[in-house]
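Geometric and topological summary
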Amino acid sequence: MTENSAPSGVGRREFLKILGAGSAATAAIGCSSDRVERLIPYLTQPDETVPGVSTYYASTCRECSVGCGVLMETRDGRTFKLEGNPDHPLNRGALCARGQAAVQGLYNPDRYRGPMIRKDDKLVPATWTEALQLLSQKLGEAQSAGTAGNALFINKHESGSFPVFLDRWLADFGMPAHLSYDSLADHAVLAANRQSYGVSWPSLSFSAAKLIVSIGADFLENWGASVPQQLDFADARAKLEDAPRFVYIGPRRSLTGCNADQWIACKPGSELAIAKALAGGSVESAAEASGVPAATLESLQKELAGAGRSLVLAGGSGAGALDLALAVNALNRQLGNVGTTVLPDQPITSFEGIATDADLRAALERMRAGQVSLLMLRGVNPLFTMPRAARVPEAIRAVPFKVSFSSYPDETSELCDLVLPDHHPIESWGDAQPLAGVISLQQPGMDPVYDTRQTADVLIDLAKGNQRTAARYTAANYMRWLIENFPGGTAAFTAGLQKGITSGSLPRAAAPAHVSNAPQAPAIDDTKGDFYLVVYPSPTLGDGSGANKPWLQELPDPVTKICWQTWIEINQQTARKLGIDSGDILHVETDMGELEAPAYVYMGIQENTVAIAFGQGHTAYGRYAEGVGYNPGNLLPVSFDAASGSLAWTATRAKVTKGTTFAPLVTTEGSARQHGRGIARSIPVDELPHLEMEHEEHDMPGKPDQSYLPGLRSRMAADAMGEVGDSPSRFQKGMYDPEHWSGMAKRRWAMTIDLARCTGCSACVTACYAENNIPTVGAPYQTTHTAFLHGVPGSNILKGREMNWIRLERYWEGGEDGGEFEPRFVPMLCQHCGNAPCEPVCPVYATYHSPDGLNVQVYNRCVGTRYCSNNCPYKVRYFNWFGYGEPARPQYAWPERMNWQLNPDVTVRGKGVMEKCTFCVQRIRESEHRAKAEGREVKPDEFTTACAQACPSKAITFGDAADDEWSVARMAQDRRAYHVFHEQLNTYPAVVYLQKVTHPAPKSAAGA
Amino acid sequence: MATVVSPSPDSSPNIPSANIQLPAIQSYTQVNDEIIGTLRPTGKWFAGLGFAILCMLIGATAWTYQIYMGLGVAGYTPPVMWGVYIVTFVFWVGIGHAGTLISAILYLFRAGFRTTIYRCAEAMTVFAVMTAGLFPILHLGRPWKFFYLIPYPNWRLIWPQFKSPLVWDVFAILTYLTVSATFLYIGLVPDLAAMRDREKHPVRKQIYSVLSLGWRNSDREWRHFARAYLFLAAFSTPLVLSVHSVVSFDFAMSLVPGWHATLFAPYFVAGAIFSGIGMVFTIIIPVRRWFNLKKYVTINHLDAAAKLCLFTSLVVGTAYLVEFFIGWYSGSEFEHSYWWDRVFGQWWWAAWIMLLCNCVLPLTLFSQKLRRNTTWLFMLSIFINLGMWFERFVIFEPSLSHEFEPWQWTAYAPTYIDWAILLGSFGFFSMWFLLFIKNLPIIAISEVKEIVPPPVRAPHKVEGINVSGMHLEFEPETPGERD
Amino acid sequence: MTVRRKWAVIPGLFALAAVAVLLSAYQGAATRPDTIITDKGAWGYSAASSPQGRSPEQPIHFPHPTHVQTLGMNCLYCHYSANKSTDPGLPAVSTCMGCHLAIGPKRPAMGDRPAFESAELTKLQQYWNEKKPIPWVRIHHVPDYVNFPHMTHVNAGVTCQTCHGQVQQMTQVYQYASLNMGWCVNCHVGNVNPAWKARYDCSVCHY
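Here we summarise the structure given alongside this text.

**Description of helix α8 (residues 271-278) of chain A**
Residues and elements named next belong to chain A. Residues of α8 that are buried: E271, I274, A275, A277 and L278. For α8, the angular spread of buried residues about the axis comes to 160°, placing them on one side. Against the buried residues of α8 lie β10 (211-215), β11 (245-250), α9 (283-290), α10 (294-306) and α11 (321-334). Remark: G280 follows α8 within two positions and exhibits a positive phi of approximately 110°.

Structure representation (structure tokens):
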């Protein structure tokens, strides 16, 4: 792919002049070629772009406050794919699902098209001049009335220059510093880290540890900087024998918990006691408080003491969260981990200056008291993210004039009087300081999709329009301002844009003065109810900001595999006692409210506890979010861990009763058990030394020493090619002859997947959706006009019609009787079998084996007999049941502007054809074409598939298995290598799995 | 002096199927009158035809909707990629097998009881195969591209995949349709001639005379006719076995547990004949009542056919047992799993409907009383049709929904679109059949005449003995007639 | 006529029907071009479901001969990415204006040609002044499920004329080749020019 070319900033205006040519990909298969088609040229040729060739702009991901580096693949003026920036120290080329889905925020069909002004109590479109006039008038009034001091600006937390700029601007208008809010931040841990280390977030070295103990810290999900943590964790686990053992303690076995070797279920609220016990405190009291067998704690305590380098992490947000975090920090210091596994000297600075939940609550109180005259919100949605009990709407209504800079119509912006939609980060300039001494730059990949304006530019214009401040705002726009204030100036800035990062430190906004008058949450055991209620942010939707992106809605929750729905997790034994089955409607009631949702019977949750994921249940957030699921925030009291000012998510107990009705779970899971079929295999670490590589000799006449290689042709296939038998020239082998001039048969594209690394985070799935134009099928509007379950979100998925070319299967091992169980994740995709069952049964050659070892699916040849799918043992073929690619159909998956995201290299499939993983054949061919143009062979590891490229665990390796220069060829020889179903079915898969390695508790701790 | 044999006193004679007599038929004119007499359209018939066409239109509408929206409107639940359509396809192909069996194989075996029912069965065959032929196209994702399956020189320079059983299917079905249609037509020629001679209406006369290929009832024509008929019978006999074997390969050639079995070809053929005979009963019993052809299709014919039915039922039952046995005996996890799921798991109800209808109920045919009770035969035939439809359902759906990959295990429930199209197929079939029975003789006039004593001039009255020395005294009703 | 002859008609009809079916199938549903061009293009793979010969009106009658033959401009001057991208590139209006700012609609007398006002250049100027791109009508089009990388073909020495015909002589461009699959394959297997033979696996173009 082309190198990151240097955009000069100018000339990008011309990018979007092109309309017709780029959208060709949106047409579906079989459309007639004789309809009149227009070719629309550029008006003025933009520099530095070649039509049909991608340009990659380095930028910064703004989906969460961490700030990973991304490359924005842009072609013909459209950014259609985000990829991790390999040069970025934080995410090293990886990108999580939410980062991948940013483009769907950019092209979201429900975005504000332009500014909106409230007229007779509803928001109506307006021009920017009107809107800005109105705002500057209000500002003027505030200044003249001297009420500017009562203004309040709440901004989505981000590191970098913007907070500084914003505070300066506010100061110039006589307004107080802004509130930098992030509802996902773990305020207790931040506060504790500041106390213990003086930094908000020391970077963590998992690979340096021998034992990892996480007390409710979901470091693979929303706790801290998940992508860098996952990268490091995967590297640690990949060390096999030397890998750290991982123990997870918590009431619910989250995705992070599912990657632990041992899960210790404890009562919510008892974490502190356990931490104390591990630090050498009394085990008995802890056991008594937490319901954990004393023996388990004791052995863990011993193990921890003897482990040498270890790493203890704390999460959770209940009463006393700060004490817990402090205790754990102390424990780390006591175990000598500070400096070895906990590195305060290399801090992650993304979280500096975050305002706490308590600060936000204080602000809301002031609003309610009418002390706020002017409210400005950017990127935050407190109405949704704060518990309903916080009575946010009331507070906001109490403000005379509310301005929202939100890009999307959401619950909060609906209440505002003026909406000045902000650019999407992909359209904006900016910077971030993710690490000390590292600046990550943010630049637009394309012209704005809608009539929006970057908030910073709006602020500059306002300041210019105001005679008092105009003098201090000389920069033409925020980009100019950035360059002027950039350490190193223009040169450093443009140089930095090349790679997206540069070294240096940005000025930091003044740390907020945290208020500490928040109501302290009572100990959870003092609350009413028979069940503990655990509310946790969804790993896929975050704090709900992802709910308007169909990729994230369609991405099954990594643990429960449920999508497009809200579910209630309940313990297996408890459910059995109460006669509750998965899908039964449960009624959860607290003092604050009640909620009804189907039950998900889960082994990985403490008895007498129910858990609900946060993020669904929007009332106003576009067609993909509205009417999907319920908001558990309605159940929560507004109580805090006062010391740290963090909202207590695990604050109360609830009354749980079984409803009368039943709602099927929208899940992609068939059977959660492997039935001994060896799909996801794992091996205890102590058996690893005795492990022999499964080595399959099959002598082929003519090819005597053909030992097993992934993707190599089977005997029968070889026979069909005429390689078996006395006269190989029996058949005309054509391109299948390795000696053929095309040299196509020399290559064997293959893939290895290291299950020791895979954490099941499912980033690969979203990456695949993004790369291959895979339609999402679960949106409420897509389920109309179907012959079943009319209008139920995800009803197509209830029918098993999800299209995930690569899916993450999650199998349970053991635990049927409530004992210990082992979760296993295995990504399942087309195995590109050398002896594929699907190929001979297709009557029209729509699927066949290409000379370079791909199992090809030719969409335009497919007539849709679906025999291939019947005959596929892996069930990785997906059928277009509806016209997902046809705009005229009600199931169209890319409503206008969403179709701008489509990858022009990949055909959009029409209805009635089969599709499946292609090993990203478009990338293979592209690199082959490039190599040809440059008169060379394709270089080893020159390119990789979308899933492998995105994987934050680096578990997937792709390449040419027939050429030892490619790393995949080496990986395939690993002793842990195995092939799914190959022994039984002789399929010769091109995908090699490497067994997961488990680290059981040391023998001393047996009985745990 | 010829011996006078008195009829046996036994009230329920077990007449050997080889020489079933039609005692109530006296003369050729009677045959002509009575059989051609059935061809006058009646109000009831128009009503029936109307209903059939209505059903067909319902199916057609459903199909149109499905083409517009996509296959998703049907009940498919991946990985169950083949549903009601394929089940119904195999069902109809199966129905289509009794006809050729009865007309061709039994002809070669000189089984006398076929004479009066074969025409009906053969028409049924042709129309059933026509109906079946719709479904492979109908279940395609892109039906408008079905011609990709047909090998012909094209500008894409590519051919179908001849390794695929689905391509064999195309050939098998088309061949079978052609041959059975020809066979039906050839058999019709003398009857058409007979109708031509009686026809007054000029236009109809023209049509009949064209269709009867200028049959003049000459000895030469009869000789050629007999040869041609014998040849076609011999020609289509292997087809009866081969066609459904090929259909069974659609499944046996795959590796789906429960499909991947060497047993399938004979299993399917037996099932096909069984279902076909069931359908013959379903059709012939009402017809012989409404058109009052009881003296042509006597209870003895039905009795004999019922024996054949019982026999095939036993074959099918054995096939089930073997299948289940292999499921257990294979020792393969996958086979065990699918088998258990099929018989005791989520699909138990379908499996037990199948076993009840196809193996248990037909056992009643061991009793002659029931064999000769047309009401029971009719009811049983309905059960057999149902059971055979479910047999295919039980073979396809449980296997697909319970394959190798546990993560993709699922259920399957058809939608109203599936049912509408199933209904439509019955409408389509009935329409053709109803048109047939009112326009062409449903009983082979010429062959019946072969049994009827020829009108010989008798110099002196011979009491009760005809020229062939065969006894001619009989009670007006054949013994054992109970309906 | 006698009954004997009558029935002899039937097999005849059947035979006719069969022949008709085969022919139509072989021809495919040929969409008739707007204007028939006698030149059927290369190697005869004529017209099966192809708008070959189609020559629609363009918003501006761009005279290729004048630019290519008279002025000797290279194809790559306007179609600037044909040798480095899958997309051949369409000249921006600014590219036209690069020359036509100087060469305006008013054309002076030249040799025996009298002075005249060019209507086409006036249109061009209009588009430029109104800052509107020119809505050219697409002629050569392969379906979206076909990936045709121009640069690979151009760099392999396949001339533009091979597929597009003698454009430099076309006053109005028409679809020269049928662009159907057989036509592609025929060249890929080396029937046209052995030097041009290329991989003919499906997945080379269809993905």
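Having seen it, we continue.
**Remarks on unusual backbone geometry**
Here the amide bond leading from P78(B) into P79(B) is cis, since omega sits at 5°, within 30 degrees of zero. A positive phi angle, near 55°, is found at K954(A), a position not held by glycine.

**Here's the deal with empty space enclosed by the protein**
Residues and elements named next belong to chain A. Roughly 830 Å³ of internal volume is contained in the largest cavity. In terms of lining, the largest cavity is formed by 47 residues, of which the most central are R62, E63, K156, G379 and V380. Taken together, the elements giving at least two residues each to the lining of the largest cavity come down to β7 (152-156), α13 (382-385), β18 (430-435) and α15 (455-465). The biggest single contributor to the lining of the largest cavity is α13, with three residues. In the lining of the largest cavity, the residues fall into 15 nonpolar, 20 polar and twelve charged. The wall of the second largest cavity is formed by 36 residues, among which C96, R98, E221, N222 and S226 lie closest to the centre. Put simply, the parts of the chain that give the lining of the second largest cavity at least two residues each are α1 (97-100) and α6 (226-237).

**Here's the deal with the packing of helix α5 (residues 165-198) of chain B against helix α6 (residues 202-211) of chain B**
Residue and element names in this part refer to chain B. Relative orientation of the contacting elements α5 and α6 amounts to 145°, with a least axis distance of 8 Å. Handedness of the crossing formed by α5 with α6: left-handed. Of α6, the residues touching α5 (which contributes Y185, L192, M195, R196 and D197) are K205, Y208, S209, V210 and L211. Per-class residue counts for the contact of α5 with α6 are six nonpolar, one polar and three charged.

**Quick notes on the pairing of strand β28 (residues 653-662) of chain A**
All names here are of chain A. Sheet analysis places strand β21 (residues 531-537) next to β28, joined by two bridges and oriented antiparallel. Bridge pairing in β28 places F531 opposite A654. With five bridges joining them, strand β23 (residues 584-589) and β28 adopt antiparallel strand pairing. Across the sheet, L586 pairs through a bridge with K658, a residue of β28.

**Here's the deal with the sheet that holds strand β6 (residues 122-125) of chain A**
Residues and elements named next belong to chain A. On the basis of which strands lie adjacent, the open sheet formed by seven strands has the order β6-β5-β17-β16-β15-β7-β8 and mixed pairing. Looking at the sheet topology across the chains shown, the edges are occupied by β6 and β8 (179-181). Bridge analysis of strand β5 (residues 116-119) against β6 gives four bridges, and the strand direction is antiparallel. Residue pairing in the sheet places I117 in a bridge with V124 of β6.

Conventions and cut-offs
- Residues numbered from 1 in each chain as written.
- Chains lettered and ligands numbered in written order.
- Predicted model: local features only at pLDDT ≥ 70, side-chain atom pairs only at ≥ 80, totals over all residues.
- Heavy atoms only, no water.
- Buried < 20%, exposed > 50% of the residue type's maximum accessible area, 1.4 Å probe, protein only.
- Helix = DSSP H or I, 4+ residues; strand = E, 2+ residues; numbered from the N terminus.
- Arc of directions from axis to C-beta.
- Contact = heavy atoms within 4.5 Å.
- 1 Å grid on protein atoms, 1.4 Å probe; cavity = no way out; pocket = protein on both sides within 12 Å on 5 of 7 lines; lining within 4 Å.
- Points joined across faces, edges and corners; volume = space filled by probe spheres on them.
- Nonpolar A, V, L, I, M, F, W, Y, C, P; charged D, E, K, R; others polar.
- Axes fitted to C-alpha atoms, helices over the stretch in contact; angles between N-to-C directions.
- Left-handed = near helix turned anticlockwise from the far one by under 90°.
- Pairing = 2+ DSSP bridges.

Everything listed is a geometric property; what it means functionally is a separate question.
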